[in-house]
Amino acid sequence: MASCMVFACYNIVIGIVVALGSLTGAEAKRAFFVFGDSLVDNGNNNFLATSARADSPPYGIDYPSGRPTGRFSNGYNIPDFISQQLGAESTLPYLSPELNGERLLVGANFASAGIGILNDTGIQFVNIIRIYRQLEYFEEYQQRVSALIGAEATERLVNGALVLITLGGNDFVNNYYLVPFSARSRQYNLPDYVKYLISEYKKILRRLYDIGARRVLVTGTGPLGCVPAELAQRGRNGECSAELQRAASLFNPQLVQLISQLNSEIDSNVFIGVNTQLMHTDFVTNPQAYGFITAKVACCGQGPYNGLGLCTVASNLCPNRDIYAFWDAFHPSERANSFIARKIFSGTTEYMYPMNLSTILALDSKN
Ligand SMILES: *[C@@H]1O[C@H](CO)[C@@H](O)[C@H](O)[C@H]1NC(C)=O
Ligand SMILES: *[C@@H]1O[C@H](CO)[C@@H](O)[C@H](O)[C@H]1NC(C)=O
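Quantities reported herein were computed from a predicted structural model and do not represent experimental measurements.

1. Comments concerning the packing of helix H2 (residues 78-85) against helix H11 (residues 334-346)
Phase 1: Between H2 and H11, the least distance of the axes is 9 Å, while the angle of their chain directions is 45°. By the angle class used here, H2 and H11 are oblique. Between H2 and H11 the crossing geometry is right-handed. Here H2 contributes Ile78, Phe81, Ile82 and Gln85 to the contact with H11, which in turn contributes Asn337, Ser338, Ile340, Ala341, Ile344 and Phe345.
Phase 2: Grouping the amino acids of the contact of H2 with H11 by side-chain chemistry returns seven nonpolar, three polar and no charged.

2. Description of the site of ligand 2
Phase 1: Near ligand 2 the following residues occur: Ser346, Thr348, Thr349, Met355, Asn356, Ser358 and Thr359.
Phase 2: Looking at the shell around ligand 2 residue by residue, the class counts come to one nonpolar, six polar and no charged.

3. Regarding the pairing of strand E1 (residues 32-36)
Each regular strand displays side chains that alternate between the two surfaces of the sheet.
Phase 1: Across the five residues that make up E1, a large majority, five, are buried.
Phase 2: Neither face of E1 is left uncovered, since the one carrying Phe32, Val34 and Gly36 and the one carrying Phe33 and Phe35 both have all their residues buried.
Phase 3: As for the winding sense of the linkage, the β-α-β connection from E1 through H2 to strand E2 (residues 107-109) is right-handed.
Phase 4: Here E1 pairs with strand E3 (residues 162-166) via five bridges, running parallel. Its bridge partner lying in E3, Val34 is registered against Leu164.

Rules used throughout
- Residues numbered from 1 in each chain as written.
- Chains lettered and ligands numbered in written order.
- Predicted model: local features only at pLDDT ≥ 70, side-chain atom pairs only at ≥ 80, totals over all residues.
- Axes fitted to C-alpha atoms, helices over the stretch in contact; angles between N-to-C directions.
- Helix = DSSP H or I, 4+ residues; strand = E, 2+ residues; numbered from the N terminus.
- Parallel < 35°, antiparallel > 145°, perpendicular 65-115°, else oblique.
- Left-handed = near helix turned anticlockwise from the far one by under 90°.
- Contact = placed C-beta atoms within 7 Å.
- Nonpolar A, V, L, I, M, F, W, Y, C, P; charged D, E, K, R; others polar.
- Near = placed C-beta within 6 Å.
- Buried ≥ 20, exposed ≤ 12 C-beta atoms within 10 Å, placed from the backbone.
- Right-handed = clockwise from strand over helix to strand, strands pointing away.
- Pairing = 2+ DSSP bridges.

Coordinates in, geometry out; function isn't part of it.
What follows is the structure, given as structure tokens:
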């Protein structure tokens, strides 16, 4: 955990700066809202009747409580590290009964494992919170906060907040490529499917703006063909699945184009593209540079690359989670999440388009 300790120290420094800011009344803490899928779900699915859940050991083994929380990680996920960068506590799942009173002012996490851009993505998981429902919950949240602090202060809180949205991976893995000859793959060839996804994503981002979001981190998909699950099911001799790599390579650049287009329509840099494909590819091509012994084998799982089935108490579990880029067949380890969050904070324009989070925080503190 050495690197996490360094990271935590760094966050303590930021935390002190933020605390001083609020002492002088110069800066209230910024709220944080999270939308999307399992990469960013902090536990909403624990409250739902669905098979898409991370509520049993060894999930959470490295979380401070040592217990599963619903996060698809051995410990913290990306939103947790971003909360730390904001000097704030982690956002609670919107469905958590503990999310009330003052705690609402920290923000909320609306994400739900299994969902996608499309309403028909993840239908096999039955009761999950699809993206339009997450947006409705965001409006409901605003009404609840309004009752607490008034409409004007609520609008300020929402407009001043940081937002993270992570969608798209499941539209490939749990829809188009879920089964051979899936309905969507019979309807569209891959390039046309990607265009359709982007046009639907545009409506979602537009709606997010319309209901108050003003700084939105939009992540692309990772290198979908290189996750342990795909290496186990589709890869030949440990090579990434060409078809899923192609999907990610078509989707991500068009997402960046969409972001530019929306920002110019709005005439403000509301949407910020996060190049998670490149961030992950860095681990995949040179795991040792990050202190990982592998970016192919999952820490928890079974079969080739530990990439088959679910991560459960009966799975193989690596003794040291910090030296694996992947925690389970699809999700990064806590340590990989910390590296991704650091790139979000201070990455170059190659990683963060048009600017990184540290620049956003500096810009917005001047307003
Ligand atoms: C998805 O569902 C929402 C509401 O539940 C609806 O407004 C939207 O049009 C649907 N999208 C598509 C592409 O059918
Ligand atoms: C990103 O963050 C660092 C500070 O951590 C800053 O020096 C750099 O200029 C930023 N890059 C961009 C492109 O905003």
